[in-house]
Amino acid sequence: MKVTVHQSTLEIVQGDITQQEIEAIGNAANSALAGGGGVDGAIHRAGGPGIMAELKAKYKGCPTGSAVITGGGNLKAKYVIHAVGPRYSGSAKDAELLSSAYRKSLELCSQHKISSIAFPSISTGIYSYPLKEASGIALKTVMEYLKDHPEIKLVRFVLFDSNTYRVYEETLKEITKAQ
Ligand code: ADP
């Protein structure tokens, strides 16, 4: 499913983010930037050890709700943006931290003149963020950003499993209908 937000495209697809032909891919990293399971492990496996070497050389971790950038190693994407979403706790801060992880990632795109990025569904795997709520935060945060940032031409959510895709699709339909 694809929608236009001002001058940009917001797209959701089901697939594997490591295979995307796009300028940057987002990673659901942890604050130690230590690598891990889920999409993080898949990105480091597909991108090769150069990505971890660059993370270790440049950054001493990354606070929750923020993001850092590296090259894409062996991936088709030129960059990886490592965003740290919150581990779901049920506190009122979770939503702001999740939104901020996406927003800071998009700010890095603007700063580095990256006009297309693919995101996974940050925090909804190992970090247990409820999917429906997380999909609304993810999609609304991106749409808000695109309204003021036409330099970003394409944001694609790459959802790994059919249930995640289905929930993002349902949420995107609800948001676009309500506008
Ligand atoms: P978090 O710790 O932020 O919850 P996870 O990696 O556990 O991160 O999960 C985030 C989402 O990424 C989940 O929906 C998971 O199914 C998905 N995922 C796992 N591997 C991939 C992949 N190769 N491409 C896209 N999404 C993936």
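Being a predicted model, the structure only gives us computed values, none of them experimental. (Residues numbered from 1 in each chain as written. Predicted model: local features only at pLDDT ≥ 70, side-chain atom pairs only at ≥ 80, totals over all residues. Heavy atoms only, no water.)

Participant: How should I be thinking about the packing of helix H1 (residues 38-47) against helix H2 (residues 50-58) in this particular structure?
Facilitator: The description of two packed helices rests on the angle between their axes and on the distance between the axes. Remark: H1 packs on H2, axes separated minimally by 7 Å, with the N-to-C direction vectors making an angle of 110°. Relative to H2, H1 is oriented roughly perpendicular. On H2, the residues that touch Ile 43, His 44 and Gly 47 of H1 are Ile 51, Met 52 and Leu 55. Looking at the contact of H1 with H2 residue by residue, the class counts come to 4 nonpolar, 2 polar and no charged. (Axes fitted to C-alpha atoms, helices over the stretch in contact; angles between N-to-C directions. Helix = DSSP H or I, 4+ residues; strand = E, 2+ residues; numbered from the N terminus. Parallel < 35°, antiparallel > 145°, perpendicular 65-115°, else oblique. Contact = heavy atoms within 4.5 Å. Nonpolar A, V, L, I, M, F, W, Y, C, P; charged D, E, K, R; others polar.)

Participant: In this structure, what is going on with the pattern of salt bridges? I would like to understand it.
Facilitator: Any two side chains of opposite charge can pair if their charged atoms end up close together. Scanning all chains against the criterion turns up 8 salt bridges. With a closest N to O distance of 2.9 Å, Lys 132 and Glu 170 form a salt bridge. Taken together, the residues span a long stretch of sequence, with Lys 132 in helix H4 (residues 131-148) and Glu 170 in helix H5 (residues 162-178) at a distance of 38 residues. The class for Lys 132 is partly exposed, based on a relative accessible area of 34%. The exposure class assigned to Glu 170 is partly exposed, which follows from its relative accessible area of 34%. (Salt bridge = Lys/Arg side-chain N within 4 Å of Asp/Glu carboxyl O. Buried < 20%, exposed > 50% of the residue type's maximum accessible area, 1.4 Å probe, protein only.)

Participant: Mind showing me how you'd approach the packing of aromatic side chains here?
Facilitator: Note on aromatic pairs: each is described by the distance of the centres and the angle between the planes. Counted under the stated rule, the structure contains 5 aromatic pairs. Between Tyr 102 and Phe 119 the ring centres are 5.0 Å apart and the planes differ by 75°, which places this aromatic pair in the edge-to-face class. Here Tyr 102, found in helix H3 (residues 93-111), pairs with Phe 119, found in strand S6 (residues 116-119); they are 17 residues apart in sequence, far enough to count as distant. Comparing Tyr 102 with Phe 119 shows no difference in burial state: the two are buried. An aromatic cluster is defined as three or more aromatic residues linked by ring pairs; in this entry it consists of Tyr 102, Phe 119, Phe 157 and Tyr 168. (Phe/Tyr/Trp six-rings, centres within 6.5 Å; stacked < 30°, edge-to-face > 60°.)

Participant: Teacher, can you tell me more about the side chain of Thr 171 here?
Facilitator: With respect to the helices, strands and loops of the structure, Thr 171 is situated in helix H5. By relative accessible area, Thr 171 is classed as buried at 4%. Side chain to side chain, Thr 171 and Ser 135 meet in a polar contact 2.8 Å long. Residues within four places of Thr 171 in sequence aside, it is in contact with Lys 132, Ser 135, Gly 136 and Leu 139. (Polar contact = N/O pair within 3.5 Å; in protein donor to acceptor, adjacent residues only side chain to side chain.)

Purely geometric numbers; function is a separate question.
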